[in-house]
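Commentary on secondary and tertiary structure
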Amino acid sequence: MNKKNIALATLMFCSVAAFAQVQDETVDVEKSYNPSVGEVEKLDENPDFDNEVEENKLPVNYTPINIPVQSDYKLSTINPIKLPAKDQSTNYNSFAKLGIGIPETFLGEAYVDYEYERNKHIGAFVHHFWNNADIKNVDLDTKQAQSSFQVFYKGNYDEMAAKLTAGYDVSTYNYYGLGDIESVLGTTAAQTVYNTINPTNHYHTAYVNAGLDSYENNIFDNADVLLRSFKGDFSAKETYGRISGDFSNGENEMSVMDYDLNLTGNVVLEYVHDDFQETNFGSALDYGYTKIDVTPMAKFSDENNNYLKVGFNVAYNTDLENSDSEAYFHPMAEVSIKPWDELGFFGGIRGNLKNNTYYDVVQNNPWIAPGVTILPTNTKYELYGGVKGVFNEVFQYKGEISYKEIENLLLMKNIPIQETSPIPTYRLENSFGLTYADANMTSIKGELNYVGIEKLSATASVGIFGYDMKGSEKAWNYPFFTTTLSGEYKLFDDALLVGADIYYVGERKDVTYDYASLVPTENGIIQVKDYIDLNLRATYNINERWGAFAKINNLLGDYDRYKNYSTQGAQFLVGATYKFNVAR
């Protein structure tokens, strides 16, 4: 380790009073959008609602808002290289896609990009996905559907780029995961429920997102505004707004002790209001929070990309319903030392205050009850450290261990059957409520990315998690082990791309109930079984305009995502894509 590395480590320990926020270093490549034969999306893929600002260009997100599996335990990635199918022409800026499958699956998409003036675009994206399949031992409707529509503007100007998007999405789910209602209600009452229940719930999302990005490395870097309205069928609605901005010292070069110094800052103003009018949980619920979040930091770096980040985060949160305000301070710091390409070390401390939202909760679990308690989660601090590097120029790797102290960790827990009439749709052990608990969490994560062959990309990741819960609550519905394997390979002069994704999620805990007394009481713990989800996909460019795609999801069969909720099993989808140009 050279003298500069030693000095950098010394500087870190001398700066313990001012900690820095950790930010990933990214490289953004500007290029025009060239539609290729896209793969078929599973209905539970991650949404990309909030677009990140790219250098010299603000991308417009035209991915539909989807409902994913629970995301709190997902691993951060080391940005594995994706291999798109070869686009045989750059003359096309729009596409249409149509797919059908079994059991009873339909996919339709269209994207249009019109450059009405040089570097200024308007366009639209429309998406519809529909799937209906029988699930073993389920007599209710299990259909899932999703429709999205979005319009956008994006433009590059002399000193900045701008974007404006607006959209509307509707997702349809059914509360089909009933408990043992015959044992609790009796055969006659249970049959009445089966004959009369309408398990369908629609989620509606309307949003406007605007952004600016400065080219000139001025003090102002970028700004983003998001306004969102979200609601479900059972009188549950949420209004959300966020304004954020990034600042830096721009082109004003600064140095300290032969180290380059870069000063940055982030400011976020956030508003969230939830209104739940269903009274089956005792009374209507109303929550509202505003947050001002400020994060200044300084980065010291040398010519070898060793660096130290120091700063802090201050969040001032106001509970609008109770007229109560509280300030939160989070120390931030990270040091990265890379004595060799094959091996580098990093470590630091970070923390944050998150205002949980009904929208985010539903993205993780669409069977949430329409009357839940929404509280903020405060990660007081997270200590972390690990190693990363590139081995033999073909393997990127990263290993990390962390420990964090959390106030109000959000937990999802099954809700018991309501035994008194009228019984609402979501009170049959087929919905989930929210509870909170303080916890200490330990995690070990490992990631490996193979980039040795131009035509092959492969990624593996693993996570092990431990929860030290305070009080009587358990780590409801959080797995203790996860792993992911993904790979893509190009064939036939890069025209064909085949890929596979394997996900393993370990056992999770939920509750069981005793219905012998007048009020159901928790009397035990059920282990929701672990599962493996195997997905295969292929895309093929037939010529410069036409392409074909195929995808198989859940190839190994159904599994339980949550208590009482099995998936639909294997799904097969094939289709075609047509590319075209909308010219001035």
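One can find the structure itself at the top, above this paragraph.
Next up on the list: the overall build of the protein. Looking only at helices and strands, one finds four helices and 27 strands in the protein. Going through the 584 residues of the protein one by one, you find that 49% of them count as buried. Carbon and sulfur atoms form 55% of the exposed surface of the protein, whose accessible area is close to 26900 Å².

With that settled, the discussion passes to the side chain of Thr-377. Examined against the element boundaries, Thr-377 turns out to sit in strand S15 (residues 376-391). Here the side chain of Thr-377 touches Asn-356 through a polar contact of 2.9 Å, side chain to side chain. Excluding residues that lie within four positions of it along the chain, Thr-377 makes contacts with Asn-352, Leu-353, Lys-354, Asn-356, Ile-406, Glu-407, Asn-408, Leu-409 and Leu-410.

Turning next to the nonpolar core. If you look at the biggest cluster of nonpolar residues, it comprises 56 residues, and the most contacted ones within it are Ile-181, Tyr-358, Trp-367, Ile-368, Leu-428, Leu-434 and Met-469. For this core, the element with the highest residue contribution is strand S17 (residues 432-450), accounting for six residues. Those residues within four positions of Trp-367 in sequence are excluded, and the remaining contacts are Tyr-173, Asn-174, Tyr-175, Tyr-176, Asn-430, Ser-431, Phe-432, Arg-561, Tyr-562 and Tyr-565. Membership of the second largest hydrophobic core comes to eight residues, among which are Tyr-259, Leu-261, Val-335 and Ile-337.

Nonpolar side chains collect at one region of the surface, where Leu-164, Val-208, Ile-219, Val-225, Leu-227, Ile-243, Phe-247, Val-267, Leu-269, Ile-292, Val-294 and Tyr-316 lie side by side and expose about 970 Å² of accessible area between them. Among the secondary structure elements, those contributing two or more residues to the nonpolar patch are strand S7 (220-232), strand S8 (236-248), strand S10 (259-276) and strand S11 (285-301). Position of Tyr-316 among the secondary structure elements: in strand S12 (residues 307-319).

Further remarks concern the pattern of salt bridges. Here the structure, examined in full by the defined rule, presents 19 salt bridges. The salt bridge partner of Lys-380 is Glu-405, with a shortest N-O separation of 3.3 Å. Here Glu-405 lies in strand S16 (residues 395-414) and Lys-380 lies in strand S15, a separation of 25 residues in the sequence. The class of Glu-405 is partly exposed, set by a relative accessible area of 24%.

Before going further, it helps to examine the packing of aromatic side chains. One pass over the full model with this rule turns up 26 aromatic pairs. Between the aromatic rings of Tyr-111 and Phe-152, the centroid separation amounts to 5.8 Å while the plane-to-plane angle is 15°, which identifies the pairing as stacked. In this pair, Tyr-111 is assigned in strand S2 (residues 105-117) and Phe-152 in strand S4 (residues 144-156), connecting sequence segments 41 residues apart. Across this residue pair, the class does not change: Tyr-111 and Phe-152 are buried. Here the aromatic rings of Trp-367 and Tyr-562 are separated by 6.4 Å at their centres, their planes lie at 75°, and the arrangement is edge-to-face. Of the two residues, Trp-367 is situated in the loop between helix H4 (358-364) and S15 and Tyr-562 in strand S25 (residues 560-562); the sequence distance between them amounts to 195 residues. Exposure remark for Trp-367: the relative accessible area of 3% places this residue in the buried category. Through pairs of rings, three or more aromatic residues link up here, namely Tyr-173, Tyr-176, Trp-367, Phe-432, Tyr-562 and Tyr-565. Lying across the ring of Tyr-359, Arg-228 places its NZ or CZ 3.9 Å from the centre.

Take the pairing of strand S22 (residues 521-528) next. Alignment of strand S21 (residues 508-514) against S22, held across seven bridges, turns out to be antiparallel. Residue pairing for S22: Lys-509 is matched across the bridge by Gln-527. What sits between S21 and S22 in their antiparallel hairpin is a turn of six residues.

A separate point is unusual backbone geometry. For the peptide bond that leads from Ile-102 to Pro-103, omega is 0°, which places it in the cis range. Among the structural elements, Pro-103 can be located in the loop between strand S1 (94-102) and S2. Looking along the chain, the bond that leaves Ser-421 and enters Pro-422 is cis, with omega of -5°. Looking at the secondary structure, you find Pro-422 in the loop between S16 and S17. Phi is positive for Phe-492, which is not a glycine, with a value near 55°. Positive phi, close to 75°, is recorded for Asn-564, a residue that is not glycine.

Moving on: the environment of Tyr-111. Owing to a relative accessible area of 1%, Tyr-111 belongs among the buried residues under this scheme. In this structure the C-alpha to C-alpha distance between Tyr-111 and Ala-96, which are 15 residues apart in sequence, comes to 6.4 Å. At 3.3 Å, the side chain of Tyr-111 and the side chain of Asp-113 are in polar contact.

Calculation rules
- Residues numbered from 1 in each chain as written.
- Predicted model: local features only at pLDDT ≥ 70, side-chain atom pairs only at ≥ 80, totals over all residues.
- Heavy atoms only, no water.
- Helix = DSSP H or I, 4+ residues; strand = E, 2+ residues; numbered from the N terminus.
- Buried < 20%, exposed > 50% of the residue type's maximum accessible area, 1.4 Å probe, protein only.
- Areas by Shrake-Rupley, 256 points an atom, 1.4 Å probe, with all protein chains shown as cover.
- Polar contact = N/O pair within 3.5 Å; in protein donor to acceptor, adjacent residues only side chain to side chain.
- Contact = heavy atoms within 4.5 Å.
- Core = buried A, V, L, I, M, F, W, Y, C linked by side-chain atoms within 4.5 Å.
- Patch = residues over 30% accessible without salt bridge, like charges linked within 9 Å, V, L, I, M, F, W, Y side chains within 5 Å.
- Salt bridge = Lys/Arg side-chain N within 4 Å of Asp/Glu carboxyl O.
- Phe/Tyr/Trp six-rings, centres within 6.5 Å; stacked < 30°, edge-to-face > 60°.
- Lys NZ or Arg CZ within 6 Å of the ring centre and 35° of its normal.
- Pairing = 2+ DSSP bridges.

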